[in-house]
Amino acid sequence: MNERNLYPEIEHTFDYYQIFWHKNQDFRYERGGQVTHKQEGAKKVHPRKADPDFTIISPPYGLGFMIEVKKAEASTPSYFPFTKIEPHQRETLARFGGAQSFLWLYMGESLRHPDIPRRAWLIPWLKWLMIESRLKEYGLNCLNYHEPNAVKARNLGLGAVKLLADYQLTPSKYFGLNSENRGVLIWLIPSSNPFWNMQASILHERLTRVETNV
């Protein structure tokens, strides 16, 4: 299972919260300047490197955010190499000072796995950079699901389960008005997740800046 298989979960999550979302295409086929399906004469067109996976506009303030979706390696133990976030993706997430960018990270495979159940986290990009920096101080180039194996990094709470606890999402079933979506998996974003309070903080900062310049 890769990121592409998990996009519907994210889309249904945004629908649940009535968040406007746009999924940027991974690639498409064009023929004669028109988007088409795979066929003879059609050319495969890759997306612009500057596009994040999702662009959203969230209530109640109507602020826009960029979200990059990543999934850890399908292995046991599960781990996420920092290199999976490519340089051009880092440049995109750093736009606007990085304050309006998030990393949606998946680790694990099955929700019912006895040791590494699938989890999802929604992490502010600037916080993620701090997490990377901390792990690199211990010579780590990846984030482990549980504690890392490196001797000097053991028993320090440097695995995803503990390190990302403030950003963890909760799997649930969607029972919205749209009967087609009833029972599909979504991820609830707790009220404590920075995704919610960051919006008010950004708006307050902008209003303060405007008032200062008046």
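### What about the pattern of salt bridges?
Reasoning step 1: Enumeration according to the criterion identifies four salt bridges in this entry.
Reasoning step 2: A salt bridge links Lys 71 to Glu 109, with the nearest nitrogen and oxygen atoms 2.5 Å apart. Linking Lys 71 in strand 6 (residues 63–71) with Glu 109 in the loop between strand 8 (101–107) and strand 9 (119–124), this pair joins segments that are 38 residues apart in sequence.
Reasoning step 3: You can call Lys 71 buried: its relative accessible area is 3%.
Reasoning step 4: Between Glu 132 and Arg 90 there is a salt bridge, and its shortest N-O distance comes to 2.7 Å. Separated by 42 residues along the polypeptide, Glu 132 in helix 3 (residues 125–136) and Arg 90 in helix 2 (residues 87–93) bring together distant segments of the chain.
Reasoning step 5: Residue Glu 132 is classed as buried on the basis of its relative accessible area, which comes to 3%.
Reasoning step 6: Residue classification places Arg 90 among the partly exposed residues on the basis of a relative accessible area of 21%.

### A look at the packing of aromatic side chains
Reasoning step 1: With the rule as written, the count across this model stands at 14 aromatic pairs.
Reasoning step 2: With centroids separated by 5.7 Å and ring planes inclined at 65°, the aromatic side chains of Phe 65 and Phe 102 adopt a geometry described as edge-to-face. On the criterion of sequence distance, the pair formed by Phe 65 in strand 6 and Phe 102 in strand 8 is long-range, its members being 37 residues apart. This pair shows no difference in class: Phe 65 is buried, exactly as Phe 102 is.
Reasoning step 3: Ring pairing ties together the aromatic residues Tyr 7, Phe 14, Trp 21, Phe 54, Trp 104, Tyr 106 and Trp 187, which thus form one cluster.
Reasoning step 4: Geometry around Tyr 7 places Lys 23 over its ring, the cationic atom sitting 4.4 Å from the centre.

### Concerning unusual backbone geometry
Generally, phi is negative for residues other than glycine and the peptide bonds are trans, each holding for most cases.
Reasoning step 1: The backbone of Gln 18 sits at a positive phi, close to 55°, despite the residue not being glycine.
Reasoning step 2: Relative to the assigned elements, Gln 18 resides in the loop between helix 1 (3–16) and strand 1 (20–23).
Reasoning step 3: Looking at Gln 18, the relative accessible area reads 69%, which means it is exposed.

Rules and cut-offs
Residues numbered from 1 in each chain as written. Predicted model: local features only at pLDDT ≥ 70, side-chain atom pairs only at ≥ 80, totals over all residues. Heavy atoms only, no water. Salt bridge = Lys/Arg side-chain N within 4 Å of Asp/Glu carboxyl O. Helix = DSSP H or I, 4+ residues; strand = E, 2+ residues; numbered from the N terminus. Buried < 20%, exposed > 50% of the residue type's maximum accessible area, 1.4 Å probe, protein only. Phe/Tyr/Trp six-rings, centres within 6.5 Å; stacked < 30°, edge-to-face > 60°. Lys NZ or Arg CZ within 6 Å of the ring centre and 35° of its normal.

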